[in-house]
Amino acid sequence: MEQPYILLTPGPLMTSETVKKTMLRDWCTWDDDYNINIVQDIRARLVSLATKQTSDYTSVLLQGSGTFSVEGTLISTIPANGKLLILSNGAYGDRMQQIAEYANIPHDKITWIESETVSPSKVDDYLSCHTDITHVSFVHCETTTGILNPLQEICSVVKKHNKCLIVDAISSFGGIPYDIGELKIDFLIGSSNKCLQGVPGFGFILVRKEALLQCKGNARSLSLDIFAQWDTMEKQSGKWRFTSPTHVVRAFKQALDELDEEGGISERHRRYQENHKILMEGMQAIGFEPLLDTFLQSPIISSFLYPTPSFSFNSFYKELKEKGFVIYPGKISEKETFRIGTIGEVYPDDFKRLIAAIATIDVSKNLKGNGSQK
Ligand SMILES: *Cc1c(COP(=O)(O)O)cnc(C)c1O
């Protein structure tokens, strides 16, 4: 089927034809062809992508979008007498707080504005004064803006204080190289439909085995209990507790094969950086200003300020969609922005075409209230 426009979004995103084609076959969830050859293979490969210390780590796959895996991790990890510290500089950090509130997980939160990174020294001070904290969670790439939090520095501060460390790496895992063993991360959360370029349907948790074993009996939910999910997958060779998204999982295996063919995470990172560079230079050349300082910006997704106060995102969006590109609205409260993603099955040439298309749009005509809005 022909794709009328390409998605420049942070997920669901563009996937390859070959990934989509694998979904044309049906699978039995009880059969070894599915459980051993696909699920167990994926679980082991995810661990190998995440760390060289493969014997210390394991992985759990969980139905649902990325948020289900974040929620599964938080509700399974923090015991009744524990306390979570959430570090937030955007909507996904704030979502962790919502999860904690729903589940009655005792928690504190430190907040930064959306255009600033989490400050490791502030975390250090906070943990020195608040010794009741047992777990710390934060988002690596805050997709709200595209800002990249200083992963290594935050991990090292949290581990200096000996806290259990939970990282939402949903928008960065597979697109930015790091080793979770070297960083001493206890729980790292990812999803099928971001930088690994699968289709949406499940998330995964890469976890230090020792930390996972301590989760037994903690869960405040049946279907999101990541210990129980892992236990079944381990004991029954890849079986999911409840119906698994078989087609999505099969497509994900193909997506991992294609990541290998591309040369692994470092090569994919290089492509995303190239996409990002063309986007940034091109947008600035035609008069759009990025929200963030270059050194804070991830190669995953970028925010741009509205070019004029009367700019209409809706009509800009529609014109660009007609030209073959779907972009993303902004998500921040402080300033009016829109976002363009650089991840997925998209290449430098796509961004050259995008810039050429945007250059032909007269943004002075994209004014609010000119009748072209929804
Ligand atoms: C996409 C994303 C999630 C998950 O969002 P869903 O809407 O559940 O897919 C969580 N955290 C971050 C940082 C994300 O980019």
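Calculation rules
- Residues numbered from 1 in each chain as written.
- Predicted model: local features only at pLDDT ≥ 70, side-chain atom pairs only at ≥ 80, totals over all residues.
- Heavy atoms only, no water.
- Pairing = 2+ DSSP bridges.
- Helix = DSSP H or I, 4+ residues; strand = E, 2+ residues; numbered from the N terminus.
- Phe/Tyr/Trp six-rings, centres within 6.5 Å; stacked < 30°, edge-to-face > 60°.
- Buried < 20%, exposed > 50% of the residue type's maximum accessible area, 1.4 Å probe, protein only.
- Lys NZ or Arg CZ within 6 Å of the ring centre and 35° of its normal.
- Near = heavy atom within 4 Å.
- Polar contact = N/O pair within 3.5 Å; in protein donor to acceptor, adjacent residues only side chain to side chain.
- Areas by Shrake-Rupley, 256 points an atom, 1.4 Å probe, with all protein chains shown as cover.
- Nonpolar A, V, L, I, M, F, W, Y, C, P; charged D, E, K, R; others polar.
- Domains from an automatic or database assignment.
- Contact = heavy atoms within 4.5 Å.
- Buried area = accessible area lost by both parts, 1.4 Å probe.

**Describing the sheet that holds strand E13 (residues 328-329)**
No. 1: Taken together, three strands build an open sheet; the order of strands is E11-E14-E13 and the sheet is antiparallel. Across the chains shown, the open sheet's two edge strands, defined by having one partner strand only, are strand E11 (301-305) and E13.

**Description of the packing of aromatic side chains**
No. 1: Counting across every chain of the model gives 15 aromatic pairs.
No. 2: Arranged with centres 5.8 Å apart and planes meeting at 85°, the rings of Phe 202 and Trp 240 form a pair that is edge-to-face. You can see Phe 202 sitting in strand E10 (residues 202-208) and its partner Trp 240 sitting in the loop between helix H8 (226-235) and helix H9 (246-262), a full 38 residues away along the chain.
No. 3: Residue classification places Phe 202 among the buried residues on the basis of a relative accessible area of 0%.
No. 4: Within the aromatic cluster, the residues linked to one another by ring pairs are Phe 288, Phe 304, Tyr 306, Phe 311, Phe 313, Phe 316, Tyr 317 and Phe 338.
No. 5: For the cation-ring pair, Lys 122 lies above Trp 112, with the distance from its terminal atom to the ring centre recorded as 5.5 Å.
No. 6: A cation over an aromatic ring shows up here: Lys 239 above the ring of Trp 30, its NZ or CZ 4.5 Å from the ring centre.

**Some points on the pairing of E10**
No. 1: Most of E10 is tucked away: six of the seven residues are buried.
No. 2: Sheet analysis places strand E2 (residues 57-63) next to E10, joined by seven bridges and oriented antiparallel. By the bridge assignment, Ser 59 is partnered in E10 with Leu 206.
No. 3: Pairing between strand E9 (residues 187-191) and E10: five bridges, direction antiparallel. Across the sheet, the residue bridging to Ser 191 is Gly 203, located in E10.

**Observations regarding the site of the ligand**
No. 1: Surrounding the ligand, one finds Ser 65, Gly 66, Thr 67, Tyr 92, Arg 95, Val 139, Cys 141, Thr 143, Asp 168, Ile 170, Ser 171 and Lys 194.
No. 2: At 3.4 Å, a backbone N or O of Gly 66 approaches an oxygen atom of the ligand.
No. 3: Side-chain polar atom of Asp 168 to a nitrogen atom of the ligand: 2.6 Å apart, as the coordinates give it.
No. 4: In the complex, 86% of the free accessible area of the ligand, which totals 380 Å², lies under the protein chains.
No. 5: Of all elements in the fold, only helix H3 (66-77) and helix H4 (91-102) reach the threshold of two or more residues within the shell around the ligand.
No. 6: Of the residues contributing to the shell around the ligand, the split by class is four nonpolar, five polar and three charged.

**Quick word on the domain arrangement of the chain**
A common measure of how large an interface is: the accessible area buried when the components associate.
No. 1: Here the chain is described as being made up of domain 1 (6-10 + 263-365) and domain 2 (23-261).
No. 2: Once you take the C-alpha centre of each, domain 1 and domain 2 turn out to be 28 Å apart.
No. 3: Taken together, the contacts link 27 residues of domain 1 with 30 residues of domain 2.
No. 4: When domain 1 packs against domain 2, close to 2,300 Å² is buried across both sides, 57% of that on carbon and sulfur atoms.
No. 5: Counting the surface domain 1 buries against domain 2, the share from its top three residues, Ile 265, Arg 268 and Lys 331, is 28%.

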